[in-house]
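One letter stands for each residue in the lines below.
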Amino acid sequence: MMTRFKQLFSLEVWHDYYGGVCPDVGFVVPDDVAATLRGAGMFAKAVGGTLHVVFRSDDAGAPVQPVAGKTLRFGLVIRDPSFANITDGFDPSSGALHYRNGQVATALDDPPAHVVLRDVDPALWRDGVLGLVDIAIDPGFYTSAASFQIRFKARLDTWRYYVVVKGFSNGDVDQLAVQPHASGAPAPGDVTFEKVAPAQLTAEEKSRSDVLATDGAKVLLFRSATGIPRRKTGGKQMQLMRNTEAVIERLPQPGKRRGTADLIVQLSKSKP
């Protein structure tokens, strides 16, 4: 009899910030689960951000030692401390995320539960995991491997461009605006920015503007009308316009390391 290995199930963590598999989250295989896998001639391996669990099969494709009915637990651990900056609703203080395929064998319950990890699994708590994934093995996995996905949404931020202007006339300053790069007619949901009047600044916005207004500089604040999702690539590019002229074609965007979307732009004109 020839021994073969077949996939039992896969587990991937997807993040809208990346538009695909998230490299910021890794997998932890607890010691007792690793022992169960070894005893059944199985193994788990992460490849390209996806955890693959495989089993040993005979020539007919049947498992040599089935584990149907058992539940395998895995931990999720954050590899990048900037994860909170790009993730919507991420709040470790509300408890660890607990995913399980309790309602449908081939899908994880949505939304996940929140648990006190120290009480539920002290070993994984000591490993500093952000969540648990409990996969109940269904007999059908042996004939059709299950594909599980955990999906994180990108964080929405109000973008603020503080434009520090020197050397421009009041007329030129009044014509400045922040707009997305033009690509035909505006589509529903396109990002818009409003120029915030001094009287409409929040206390925090006014404080920041006052700090930037040095040496006679004028500070304009352009605030996004709606929240904008964080994106690694493919996001809408913003530009600073004066009427129909692009003064700055590519404005900075909040990177992964930034905790806020407050951005400072310097604009100056040398005197002739």
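Everything below is about the structure printed above this text.
Residues numbered from 1 in each chain as written. Predicted model: local features only at pLDDT ≥ 70, side-chain atom pairs only at ≥ 80, totals over all residues. Heavy atoms only, no water.

A. The arrangement of the overall build of the protein in detail. Of the regular secondary structure elements, the protein holds six helices and 19 strands. Relative to its length of 272 residues, the protein is extended, with a C-alpha radius of gyration of 26 Å against a globular reference of 19 Å. With the C-alpha coordinates of the protein rotated into their principal frame, the extents come out at 85 × 40 × 30 Å. Classification of the 272 residues of the protein by burial places 42% in the buried group. (Helix = DSSP H or I, 4+ residues; strand = E, 2+ residues; numbered from the N terminus. Rg over C-alpha atoms; globule rule 2.2 N^0.38 Å. Buried < 20%, exposed > 50% of the residue type's maximum accessible area, 1.4 Å probe, protein only.)

B. Representation of the sheet that holds strand S14 (residues 193-195) within the structure. Taken in spatial order, the four strands make up an open sheet running S14-S15-S12-S19, and their pairing is mixed. On the outer flanks of this sheet lie S14 and strand S19 (262-268), each paired with one strand and no other. With strand direction ignored, the average angle separating the axes of adjacent strands in the sheet is 25 degrees. Contacts from helix H6 (residues 203-212) reach strand S12 (160-166), strand S15 (218-224) and S19 within the one sheet, and its direction differs from that of S12 by about 25 degrees. (Pairing = 2+ DSSP bridges. Axes fitted to C-alpha atoms, helices over the stretch in contact; angles between N-to-C directions. Contact = heavy atoms within 4.5 Å.)

C. Geometry of the pairing of strand S3 (residues 25-28). Of the two faces of S3, both are covered, the one formed by Val25 and Phe27 as well as the one formed by Gly26 and Val28. Strand direction decides the pairing type here: S3 and strand S6 (residues 71-78), joined by four bridges, are antiparallel. When the bridges of S6 are listed, valine 28 appears paired with glycine 75.

D. Up close: the nonpolar core. Core analysis: the biggest nonpolar cluster contains 36 residues, and Leu8, Phe9, Leu76, Ile137 and Ile150 have the highest contact counts within it. Setting aside its immediate chain neighbours within four residues, isoleucine 150 contacts Leu11, Glu12, Val13, Trp14, Leu76, Tyr99, Leu108 and Val133. (Core = buried A, V, L, I, M, F, W, Y, C linked by side-chain atoms within 4.5 Å.)

E. Spatial organisation of the sheet that holds strand S9 (residues 131-136). Strand order across the open sheet formed by five strands is S3-S6-S9-S7-S8, with mixed pairing between neighbours. The open sheet has two free edges, formed respectively by S3 and strand S8 (113-115), since each of these has just one partner strand. For this sheet the average axis-to-axis angle between neighbouring strands, irrespective of direction, equals 30 degrees. Judged from the four bridges that link them, strand S7 (residues 96-100) and S9 form a sheet pairing that is parallel. Across the sheet, tyrosine 99 pairs through a bridge with valine 133, a residue of S9.

F. Focus on unusual backbone geometry. Between aspartate 110 and the following residue, proline 111, the backbone shows a cis peptide bond with an omega angle of 5 degrees. Relative to the helices and strands, proline 111 is located in the loop between S7 and S8. Of note in this structure, aspartate 215 is not a glycine but carries a positive phi near 55 degrees. With respect to the helices and strands, aspartate 215 occurs in the loop between H6 and S15. The exposed category is assigned to aspartate 215, whose relative accessible area is 70%. Even without being a glycine, asparagine 243 presents a positive backbone phi close to 55 degrees. Here asparagine 243 shows up in the loop between strand S17 (238-242) and strand S18 (245-248).

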